[in-house]
Amino acid sequence: MNPSHNSTLLLTKILHPPLRDHSLPRTQLLQQITLGSNKLAAICAPAGCGKTTLLSQWVEHSERPAAWVSLDERDNDAARFWRYVVHAIDQTWSVSSSARLAPLLHNLSYSSDSSFIDALLHELHALKFCGELILDDYHFIGEQTIHDSMSYFITYLPANIRVIIASRHELPFSTARWLLNGEMMLLGYHDLLFTKAEMETFYKETSPLPLGAAHIQQLAKLTEGWAAGLQLSTLSLHSPQVVEQAIRQFSGKHHQVSDYLFHEVYEGQPQHIRKFLLYTSVFRRMSKELCQAVTGAADSEALLLLLQRLNLFIVPLDAQNRWFRYHHLFAEFLQNRLKQDEPTQWEALHQIASDCFAAAGLLDDAIEHALQVGNAQQAAELLDLHILPVLQRGEFATLNHWFETIVAQGGLLNGRLLLLQAFVLVVTGNYDPVERLLDKAADISRQLPPSIERDELVSGLFFVRSNLAFSTGAYETWFSYAEKIHENIPEDPVFYHFNYNTNEPFVRRTVFGLKGMLTPEVEHIGGKITSIMHKHGWQNSPFNQYIYQSLAEGFYEWNRLEECERLLPAIERVAREGRIPGLFVPNRLTYARVLLAQGKKDGAGEVVEEALEWINEQGEYYWLGPLKAFRVMMNLHQGQGSIGAGDTGDTRQAGHTGHTGKVAHGHTGAGDTGYTEQAEADKQALGVTITDRPTIHKYMSFIALVRWYDQQGSNSTEQLQMLEMMKPQGVRERCLISITEVSILQAIITSKIGEPRQAAKYLREALNIGRENNYIRCFLDEGLRMKRLLEQYAADRDDSANSSYVRHLLTLFAEQTSTSQETNQLSYSAASLRLALTPKEREIIYQIGQGASNLEIARTLHLTVGSVKVYLNRVYGKLGVHSRTQALLKAQEIGLLER
């Protein structure tokens with residue numbers, strides 16, 4: 001058996017089911033849906049009322065593009081749920097947002113859902129057309145976090161987009177405000193009942209037997225306009241002789257009617273059809289290959305098409321008739337019949353289905369079928385094979401469900417799975433069961449003989465305990481544990497190559513980076529972990545390098561620039577070789593910050609330009625946004641901008657690093673409203689506007705935009721409004737760095753417009769966080785205006801908690817002014833020279849050392865001769881030389897000619 005790839009199964013969930021032939025159009029209901037200008041339309045009615053058919057009809061007749069998601073029980077995972085929504089939007093509206101949103105989807109399970117929703121809304125606000133998002137079978141969703149995120153999503157939905165939800169039950173989140181405001185249309189059970197005229201038309205067009213007006217009237221009365229009842233009643237009328245009897249017996253509540261009629265329909269089929277229906281009912285969705293595997297029927301494809309022609313409650317899931325499912329009511333009837341008539345086959349068929357899906361590499365389905373019949377051990381073995389891609393998708397809720405179900409069914413998790421369960425619990429903030437799981441994994445490792453399996457368990461224990469210590473602050477317990485590790489153990493590729501950062505420009509903004517919390521204990525444990533990693537030869541693992549990067553960013557914020565600079569080259573090498581943009585971009589931006597703090601603006605510009613080039617080469621376009629935002633902030637004046645030192649009080653400098661690393665002229669000094677083409681290009685590069693609703697995923701772009709308007713002397717009200725929206729997002733994400741930076745900008749802008757008391761309030765908020773974490777650079781990098789604010793604050797405010805901290809910052813401002821003036825006169829150190837050169841520049845120096853001409857270098861590096869000359873001029877400037885010979889001597893002196 002060879003089912004289609006996962007992408008095919010994905011498409012069956014995001015394409016609306018094709019309509020059956022001769023489907024009776026519900027004209028009045030279709031008009032109600034079409035004319036509704038609401039942000040939400042809800043169709044809430046019991047099973048069999050025709051919700052899906054009605055929406056399929058509407059999609060076929062509507063001129064508005066409709067993204068469709070068919071939901072099921074497995075979508076009770078926020079990452080999975082929203083991944084399908086994004087793919088449905090891309091498939092239907094061709095907005096190509098999945099690449100931009102994928103990094104946030106990965107983080108969805110251990111960050112605020114609202115951050116992702118904000119990002120999705122940002123994408124939707126940019127659309128220029130009206131569209132619908134249809135969520136069918138929403139009653140399968142029971143996860144409260146998804147309900148909360150859906151409510152948030154609908155609340156802030158742009159006017160050009162509408163959500164349509166079909167569910168068997170009332171919506172599980174409050175809709176009162178939308179109903180009161182006329183923003184919601186609701187269709188219920190009675191709205192979906194067929195009218196008398198519709199029922200007459202239906203029976204005349206679909207009945208296999210000629211029915212008189214009396215028969216039609218009686219059937220209409222008995223079915224009460226229930227869609228499934230109408231269809232079932234026609235299927236149960238096999239011959240004129242049984243019409244009267246069938247009508248007499250056709251009575252009772254809907255569930256009784258459906259059971260009776262399904263029985264009549266089922267029993268009326270030939271034996272081989274009944275067997276096919278029973279055995280294939282175990283599938284949520286099925287193909288001819290799957291059907292053949294469980295039934296043995298070589299003509300499975302023909303049988304599926306026959307069931308479709310007979311209207312036997314089978315729903316095609318694609319236009320090619322490759323994938324199908326049964327109507328949910330019919331599937332429930334068949335499954336109950338199978339359990340009742342052939343209980344041993346129920347288990348055997350699920351087992352066959354599990355094996356088939358596993359053989360095809362569709363392990364999600366394989367695990368679900370194994371769990372369906374309590375084969376927990378097979379599910380555990382399959383999960384052991386499959387867990388890495390599920391981790392990479394960030395579907396932690398699904399993993400937790402599988403872990404819990406396997407254990408509840410008596411299955412045994414091996415040591416590796418116990419560690420992975422503990423790790424998932426740590427990253428989702430559920431710490432209570434973790435120690436118990438780690439103790440069980442440790443017991444298993446002690447019982448194993450010396451082997452790679454045992455060593456990897458010990459290695460994994462160290463990894464998970466380290467993450468637990470970082471997350472909970474249980475440092476003493478961790479130190480006690482770490483002192484006992486003496487074995488030379490290998491690194492487990494699953495654990496030590498986990499990517500901690502898919503969307504943040506600085507690691508300190510991530511959960512792994514503790515959202516900006518900086519304490520001596522954090523530094524201590526980070527240093528201890530990295531020393532153990534070095535001892536065992538794991539220094540190049542992404543886990544170790546993420547710790548180093550987090551420490552480097554902490555050292556920068558603490559103004560320990562030399563320690564920061566020392567860590568960066570090794571991290572850069574691992575990030576490049578491993579192609580890890582979530583490590584590479586923070587590394588390059590941190591180095592650019594160090595260079596700016598040292599007054600080396602040209603060098604910082606070169607670092608950012610080369611990073612942009614590398615990211616483009618890798619095709620990791622999500623990361624272009626933060627890099628461009630940082631470049632814009634570099635292009636702002638140091639006296640008014642956000643980063644860099646060298647501010648001696650003169651806010652009018654001749655120029656600054658531009659987009660190509662050259663000096664860009666034309667920006668004006670403080671308070672000057674001059675405006676240039678370069679300034680406009682800077683603003684356009686950010687990709688956001690002052691009227692946009694800010695989002696966390698574009699935090700740097702919005703911060704850069706606020707700084708841009710501030711530098712231009714524009715209306716401060718809009719800047720403050722944007723910052724006022726950004727601060728709650730930082731609080732929601734518990735990101736100390738964001739809260740502090742926003743508060744600092746609020747203080748600067750309110751001071752500028754003559755509101756000293758409000759400025760002092762904002763400054764105190766920043767100082768309170770800064771004091772607790774010994775933040776320094778976020779204040780120093782603001783330059784002269786922050787220095788004056790702090791001086792005014794110290795003179796006017798009685799703030800005993802922050803007084804010594806403020807004095808310390810002012811002392812550092814004075815020292816920085818003196819040091820920056822000296823630094824501007826000094827040449828680069830050997831280490832700084834090596835760091836200042838980009839990889840391409842270092843390669844050119846190496847080629848020169850090999851005696852290559854400019855033409856040969858151009859051919860080797862796939863450059864033009866002119867580009868080689870440009871690179872050489874930059875190298876000469878950085879090395880402080882004027883010729884090829886001098887450059888070679890300098891390169892040899894600082895070790896650039898060695899491989």
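Cut-off values and rules
Residues numbered from 1 in each chain as written. Predicted model: local features only at pLDDT ≥ 70, side-chain atom pairs only at ≥ 80, totals over all residues. Heavy atoms only, no water. Helix = DSSP H or I, 4+ residues; strand = E, 2+ residues; numbered from the N terminus. Buried < 20%, exposed > 50% of the residue type's maximum accessible area, 1.4 Å probe, protein only. Contact = heavy atoms within 4.5 Å. Areas by Shrake-Rupley, 256 points an atom, 1.4 Å probe, with all protein chains shown as cover. Pairing = 2+ DSSP bridges. Axes fitted to C-alpha atoms, helices over the stretch in contact; angles between N-to-C directions. Phe/Tyr/Trp six-rings, centres within 6.5 Å; stacked < 30°, edge-to-face > 60°. Lys NZ or Arg CZ within 6 Å of the ring centre and 35° of its normal. Parallel < 35°, antiparallel > 145°, perpendicular 65-115°, else oblique. Left-handed = near helix turned anticlockwise from the far one by under 90°. Nonpolar A, V, L, I, M, F, W, Y, C, P; charged D, E, K, R; others polar. Expected span 1.5 Å × (residues − 1). Salt bridge = Lys/Arg side-chain N within 4 Å of Asp/Glu carboxyl O. Core = buried A, V, L, I, M, F, W, Y, C linked by side-chain atoms within 4.5 Å. Polar contact = N/O pair within 3.5 Å; in protein donor to acceptor, adjacent residues only side chain to side chain. pLDDT = per-residue confidence, 0-100. Arc of directions from axis to C-beta.

Draft legend 1. The overall build of the protein, seen in detail. A count of helical and extended segments in the protein gives 46 helices and 9 strands. A buried classification covers 57% of the 899 residues belonging to the protein. Pairs at least 24 apart in sequence give 71% of the contacts found in the protein among residues at least 6 apart. Counting only carbon and sulfur atoms, one obtains 50% of the accessible surface of the protein, whose full area is about 37,000 Å².

Draft legend 2. Fine view of the environment of Leu-438. In this structure, Leu-438 sits in helix H24 (residues 434-447). Counting along the chain gives 27 residues from Leu-438 to Arg-465, while the straight-line C-alpha distance between them is 8.1 Å. Those residues within four positions of Leu-438 in sequence are excluded, and the remaining contacts are Leu-419, Ala-422, Leu-461, Val-464, Arg-465 and Leu-468.

Draft legend 3. Here's a closer look at the sheet that holds strand E2 (residues 66-70). Taken together, 5 strands build an open sheet; the order of strands is E2-E3-E4-E1-E5 and the sheet is parallel. Of all strands in the sheet, those bounded by a partner on one side alone are E2 and strand E5 (184-187). Across the sheet, the mean angle from the axis of one strand to that of its neighbour is 15°, orientation sign disregarded. The pairing of strand E1 (residues 40-44) with strand E4 (residues 161-167) spans 5 bridges and is parallel.

Draft legend 4. How the structure looks around the packing of aromatic side chains. According to the stated counting rule, one finds 21 aromatic pairs in the structure shown. Between Phe-81 and Trp-82, the ring centres sit 5.1 Å apart and the planes meet at 80°, which makes this aromatic pair edge-to-face. For Phe-81, a relative accessible area of 0% puts it in the buried group. Within the aromatic cluster, the residues linked to one another by ring pairs are Phe-81, Trp-82, Phe-116, Tyr-138, Phe-153, Phe-173 and Trp-178. Here Lys-339 stacks its cationic end above the ring of Trp-346, 4.6 Å away from the centre of that ring. Seen from the ring of Tyr-699, Arg-509 lies directly overhead, with NZ or CZ sitting 4.2 Å from the centre.

Draft legend 5. Representation of the packing of helix H35 (residues 699-712) against helix H37 (residues 736-752) within the structure. H37 packs onto H35 with a crossing angle of 15° between their chain directions and a minimal axis gap of 12 Å. Judged by the angle between their axes, H35 and H37 are roughly parallel. Relative to H37, the crossing made by H35 is left-handed. Of the residues in H37, those in contact with Tyr-699, Ile-703, Val-706, Arg-707 and Asp-710 of H35 are Ile-737, Ser-738, Glu-741, Val-742, Leu-745, Ile-749 and Lys-752. Of the residues in the contact of H35 with H37, the class split is 7 nonpolar, 1 polar and 4 charged.

Draft legend 6. Structural context of helix H40 (residues 784-796). When the terminal C-alpha atoms of H40 are compared, their 18 Å separation across 13 residues agrees well with the 18 Å that a helix rising 1.5 Å per residue should span. Among the residues of H40, those classed as buried are Leu-784, Arg-785, Met-786, Leu-789, Leu-790 and Tyr-793.

Draft legend 7. Examining the pattern of salt bridges more closely. Tallied over the entire structure, the rule returns 44 salt bridges. The salt bridge involving Glu-132 is made with Arg-162; its shortest N-O contact spans 2.7 Å. Here Glu-132, found in strand E3 (residues 131-136), pairs with Arg-162, found in strand E4; they are 30 residues apart in sequence, far enough to count as distant. On the basis of relative accessibility, which here comes to 1%, the residue Arg-162 falls in the buried class. For Arg-560, the salt bridge identified is with Glu-523, shortest N-O distance 2.7 Å. Of the two residues, Arg-560 is situated in the loop between helix H29 (542-557) and helix H30 (561-578) and Glu-523 in helix H28 (residues 520-535); the sequence distance between them amounts to 37 residues. Each of Lys-13, Asp-72, Asp-75, Arg-80, Arg-83, Arg-285, Asp-364, Arg-393 and Glu-395 takes part in salt bridges that share partners, so that together they form one network.

Draft legend 8. Seen up close, unusual backbone geometry. Although it is not a glycine, Asn-559 adopts a positive phi angle of roughly 70°. Looking at where Asn-559 falls in the secondary structure, it is placed in the loop between H29 and H30. Look at Arg-734: it is not a glycine, yet its phi comes out positive at around 55°. A relative accessible area of 64% means that Arg-734 is categorised as exposed.

Draft legend 9. Region of the structure containing the nonpolar core. Counting 255 residues, the largest nonpolar core has Trp-82, Phe-153 and Phe-779 as its most contacted members. Grouped together as the second largest cluster of nonpolar side chains are 19 residues, Ile-845, Ala-858, Leu-861 and Tyr-876 included.

Draft legend 10. The side chain of Asp-364, seen in detail. In this fold, Asp-364 is placed in helix H20 (residues 363-372). Given a relative accessible area of 12%, Asp-364 falls into the buried group. At 2.4 Å, the side chain of Asp-364 and the side chain of His-386 are in polar contact. If near-sequence neighbours (up to four positions away) are discounted, Asp-364 is found in contact with Arg-74, Arg-80, His-386, Arg-393, Glu-395 and Trp-402.

Draft legend 11. Seen up close, the pairing of E4. Counting buried positions along E4 gives 7 out of 7 residues, so the element sits mostly inside the fold. The side-chain alternation of E4 yields two buried faces, one formed by Ile-161, Val-163, Ile-165 and Ser-167 and the other by Arg-162, Ile-164 and Ala-166. As defined by bridge partners, E3 adjoins E4 across 5 bridges and the pair is classed as parallel. From the neighbouring strand, Leu-133 faces E4, where its bridge partner is Val-163.

Draft legend 12. Highlighting the confidence of the model for the protein. Taken as a whole, the protein shows an average pLDDT of 82; of its residues, 84% reach a score of 70 or greater. The model gives residues 638-674 a pLDDT under 50, and that stretch makes 103 contacts with residues more than four places away or in other chains.

Draft legend 13. Up close: the pairing of E1. Burial analysis of E1 places 5 of its 5 residues in the buried class, the great majority of the element. Here E1 shows a buried face lined by Leu-40, Ala-42 and Cys-44 and a second buried face lined by Ala-41 and Ile-43. As paired strands, E1 and E5 are joined by 4 bridges and run parallel to one another. What sits directly across from Ala-42, in E5, is Leu-186.

Draft legend 14. Broad picture of the packing of H35 against helix H36 (residues 716-732). Relative orientation of the contacting elements H35 and H36 amounts to 155°, with a least axis distance of 10 Å. Between H35 and H36, the crossing angle belongs to the class labelled roughly antiparallel. As H35 runs across H36, the sense of the crossing is left-handed. On the side of H35, the interface is formed by Tyr-699, Phe-702, Ile-703, Leu-705, Val-706, Tyr-709 and Asp-710, while H36 contributes Gln-719, Met-722, Leu-723 and Met-726. When the residues that make up the contact of H35 with H36 are grouped by side-chain class, the tally is 9 nonpolar, 1 polar and 1 charged.

Draft legend 15. Fine view of the environment of Leu-417. Along the polypeptide, Leu-417 turns up in helix H23 (residues 415-427). Residue Leu-417 is classed as buried on the basis of its relative accessible area of 1%. In this structure, the C-alpha to C-alpha distance between Leu-417 and Ala-441, residues 24 residues apart in sequence, is 8.8 Å. Ignoring anything within four residues of it in the chain, the contact list for Leu-417 reads Ala-380, Leu-383, Asp-384, Ile-387 and Phe-403.

Draft legend 16. Broad picture of helix H16 (residues 288-295). Those residues of H16 that sit buried are Leu-290, Cys-291, Val-294 and Thr-295. Taken around the axis of H16, the buried residues stretch over an arc of 115°, which confines them to a single face. Its buried side turned inward, H16 meets helix H15 (271-280), helix H17 (300-309) and helix H19 (343-359). After H16 finishes, the residue Gly-296 shows a positive phi value of roughly 75°.

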